[in-house]
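Summary of structural features
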Amino acid sequence: MIPDYNPALASHTTVPLTDGPVDVTTSSFADNKHPVALLAGPASIAMSVEQAIAVGSALIAAAHHYRAILAECSDPTTPVAS
């Protein structure tokens, strides 16, 4: 067995989007400093668990903000003071 290898750590989720899927994976190695990866098309980013949680929280907050502003607009193309 490979040191620090744990197959239970590995995961893979695909989010299907119109412009192509986004994949989120985790490494099988316990000593990996950046075990979480986000892959979208040709771009990818690897991050620590803490960074992944922060990015996820920021994405959720941005989506809620966007949805709330759209709900305030009768015409989504007209700027609204925030």
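Below is a summary of the structure that appears in this document. (Residues numbered from 1 in each chain as written. Predicted model: local features only at pLDDT ≥ 70, side-chain atom pairs only at ≥ 80, totals over all residues. Heavy atoms only, no water.)

With that settled, the discussion passes to the overall build of the protein chain. When you go through the protein chain residue by residue, the secondary structure sums to one helix and four strands. In sequence order, the secondary structure elements of the protein chain are arranged as β-β-β-β-α. When contacts within the protein chain are restricted to residue pairs at least 6 apart in sequence, those whose partners lie at least 24 apart make up 9%. Working note: accessible area of the protein chain is about 6400 Å², and carbon and sulfur atoms make up 64% of it. (Helix = DSSP H or I, 4+ residues; strand = E, 2+ residues; numbered from the N terminus. Contact = heavy atoms within 4.5 Å. Areas by Shrake-Rupley, 256 points an atom, 1.4 Å probe, with all protein chains shown as cover.)

Once that is clear, we can look at the packing of aromatic side chains. In the structure shown here, the tally under the stated rule is one aromatic pair. Ring plane angle 55° and centroid distance 5.4 Å describe the contact between Tyr-5 and Phe-29, whose orientation is recorded as tilted. Linking Tyr-5 in the segment before β1 (11–15) with Phe-29 in the loop between β2 (22–26) and β3 (36–40), this pair joins segments that are 24 residues apart in sequence. Residue Phe-29 is classed as partly exposed on the basis of its relative accessible area of 33%. (Phe/Tyr/Trp six-rings, centres within 6.5 Å; stacked < 30°, edge-to-face > 60°. Buried < 20%, exposed > 50% of the residue type's maximum accessible area, 1.4 Å probe, protein only.)

On to the side chain of Ser-28. Topologically, Ser-28 is positioned in the loop between β2 and β3. Look past the residues within four positions of Ser-28 in its chain and what remains in contact with it is Asp-4, Tyr-5, Asn-6, Pro-7, Leu-9 and Ala-10.

Here Ser-48 lies in the loop between β4 (43–47) and α1 (49–72). Residue class for Ser-48 comes out buried when judged on its relative accessible area of 13%. Residues contacting Ser-48, with those up to four places away along its chain left out, are Lys-33, His-34 and Pro-35.

This part is about the sheet that holds β3. What the four strands build is an open sheet, ordered β1-β2-β3-β4; its pairing is antiparallel. A strand with exactly one partner marks an edge of an open sheet, and here the two such strands are β1 and β4. In this sheet, adjacent strand axes meet at a mean angle of 15° when their direction is disregarded. Sheet analysis places β2 next to β3, joined by five bridges and oriented antiparallel. When the bridges of β3 are listed, Thr-26 appears paired with Val-36. (Pairing = 2+ DSSP bridges. Axes fitted to C-alpha atoms, helices over the stretch in contact; angles between N-to-C directions.)

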